[in-house]
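# Overview (structure and organization)
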Amino acid sequence: MAALRDDAVTVLGGWPRLRKEPATLAPRPNLLDYEATRAAFSWEAARAGLSGLPGGGLNIAHEAVHRHAEGPRAGKVALRWIGKDGSRRELTYAALASDVRRFARALGTLGVRPGERVFLLMGRIPELYVAMLGALSAKCVVSPLFSAFGPEPIATRIGMGQGAVLVTTPELYRRRVEAIRSSLPSLRHVILVDRGGEAEAPAGTVRWAELFDGASDAFSVPATDPEDLALLHFTSGTTGRPKGAMHVHGAVLTHYVTGLYALDLHEDDIFWCTADPGWVTGTSYGVIAPLVHGVTNLVVEAEFDAQTWYSILAAEKVTVWYTAPTAIRMMMRLGAEAVRGYDLSHLRFMASVGEPLNPEGVMFGVEAFGRPFHDNWWQTETGGIMIANYAAMDVKPGSMGRPLPGIEAAIVQRQPDGTVRVVDEPMVEGELALKKGWPSMFRGYLGEEERYRKCFAGDWYLTGDLAKKDEEGYFWFVGRADDVIKSAGHLIGPFEVESALMEHPAVAEAAVIGKPDPIVGEVVKAFVALKPGFSPSEELRRDLLGHARKRLGPAVAPKEIDFRESLPRTRSGKIMRRLLKARELGLPEGDLSTLESDERPAAERSP
Ligand code: ATP
Ligand code: MG
């Protein structure tokens, strides 16, 4: 293992706990003493970190841009954009706010009213950020769509959400929207971001430049109630048909607090969240949280490429980096050596979300960057980070960390009468639940009231994920409730089995499913993709089976292993175990709207 950086972590022998020395960390972490901060925390008091609208109320865009544009950060770079071709554009808080106001005003000119839905369909170009914050300023409900969606998922989402406005590019409009336009009667306006300066806007569309250039930016954010709807985000579709989670402006308080504690944002940070705003991470942390904190937010238009990413980290002097296991696994394929030669001395804090982060992934951070990746857990429904590994807290690789101050998390077991029992004993598996009422809790599933209601039992929101909690209050992910395997009376979490397989030097990725078996109920079957330099063989299969057996014991180890070029995943980079299972068993494949079409490793995409 590479030498650890001076103020970084020390690996304790045996049990791989990464010990932090909080007193030596610079700058001083915002969350220095977890217990004390948690004990003293209240959401009301945290509200002091936000400004609120002049007449009261809370609007996400006001907190993210307008207030900074009127204060000492006006001239500071808010967005630093790096285009696919290497071109750069910087927008200060004042410039961003001016564009945002101009767009908000343009919506008004078009007759778009507060509460109407504005859909966004484009790559990570500056206009995406302006449109999102502009629509929020105008109190419209924003729904960002991933730009690689085909016509069908676009039509379903805009139809479900009764979209009034779509902001997209001429190319995406022609290829994905034109043919479905007539099936979307709610869609009154299509605004085309015409960067190449196309001659004529297609019928029924209006050009961004027409609305924008030379237009006035005189606009002030109307009174906004914290309970006013702000965002409509569709889930990743990992377990089934995507759900539309609805979020309110008051969620910005969670974005603020998580930016402070879970991402440890400081005034001079250069922050990079690699997620696309088409997924909730790319909105909550690729747009809102960094801007609320007034830091410089790096936006990279290009898709994942390890070498490009390393050079961006170095050249832009990124200090805080938020990425995902799918990207980390891709980097691991190339090994820590690929990072050598880049000056990453500015990098202070690295975090990951979206899927379980195997201990191997955490340790790869230490080996390659001299820092662990800090895993954190949340969902589209929670609107922001709920459980995290914090800058000043010891990391136990494989654990998601501890609940955010202000969040009460528990392991519960559902009872036959519909109530839940909180499990107090450590390391007992159950469903992960959160005490309801945090600011960014979703307020509904679009058009699915019953489904929403079923997510709650008494005071608890039930997440659908299984986990356990240790004596120190660290949470450990077991698997999604749908993916857990029942074998000979054992409940087997896929994460544990996959993590053990990942320890084998040949394994780049692993996914396990339960395969029906007449005797034991289900047997564990693993699908494995190999690292470069390894190829499938009977010998390797036997070796992997033996390795897993040794690590996990015969009851939990996979009985079958199949080799795959790559594993099916969502466009946000999550392995779709349900699809592996459906294919294995010859069952219907279900909703594939978020499936990455070519099933290649997510090398070409962002998480
Ligand atoms: P769908 O709900 O449509 O099936 P999804 O659950 O993947 O899709 P998201 O809301 O994007 O949609 O993802 C949240 C889920 O991702 C969590 O419920 C959890 O299963 C998984 N997840 C996120 N972060 C972590 C993490 N750090 N460790 C383990 N699992 C995680
Ligand atoms: Mg989900």
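Residues numbered from 1 in each chain as written. Chains lettered and ligands numbered in written order. Predicted model: local features only at pLDDT ≥ 70, side-chain atom pairs only at ≥ 80, totals over all residues. Heavy atoms only, no water.

Most of helix α13 (residues 359-369) sits inside the fold, with eight of its eleven residues counted as buried. Within the span of α13, buried status applies to Gly361, Val362, Met363, Phe364, Gly365, Val366, Ala368 and Phe369. A positive backbone phi angle near 75° is found at Gly370, which sits one or two residues after α13. (Buried < 20%, exposed > 50% of the residue type's maximum accessible area, 1.4 Å probe, protein only. Helix = DSSP H or I, 4+ residues; strand = E, 2+ residues; numbered from the N terminus.)

To continue, consider helix α4 (residues 93-109). Here α4 contains 17 residues, and its C-alpha end-to-end distance of 24 Å stays within 8% of the 24 Å for a straight helix at 1.5 Å per residue. Here α4 lies mainly inside the structure; twelve of its 17 residues are buried. Within α4 the residues assigned to the buried category are Tyr93, Leu96, Ala97, Ser98, Asp99, Val100, Arg101, Arg102, Phe103, Ala104, Ala106 and Leu107. Just downstream of α4, Gly111 is the residue with a positive phi angle, here 85°. (Expected span 1.5 Å × (residues − 1).)

This part covers the site of ligand 1. Around ligand 1 sit 22 residues in total, of which Thr235, Thr238, Thr239, Asn376 and Thr380 are the nearest. Taking Lys243, its side chain carries an N or O atom lying 2.9 Å from an oxygen atom of ligand 1. Contact distances for ligand 1 include 2.7 Å between an oxygen atom and a side-chain N or O atom of Asp465. For ligand 1, whose unbound accessible area comes to 630 Å², protein coverage reaches 96%. Only β16 (373-377) and β25 (475-480) provide two or more residues apiece to the shell around ligand 1. If one sorts the elements of the shell around ligand 1 by residue count, β16 sits on top with three residues. Taken together, the residues of the shell around ligand 1 break down into six nonpolar, nine polar and seven charged. (Near = heavy atom within 4 Å. Polar contact = N/O pair within 3.5 Å; in protein donor to acceptor, adjacent residues only side chain to side chain. Areas by Shrake-Rupley, 256 points an atom, 1.4 Å probe, with all protein chains shown as cover. Nonpolar A, V, L, I, M, F, W, Y, C, P; charged D, E, K, R; others polar.)

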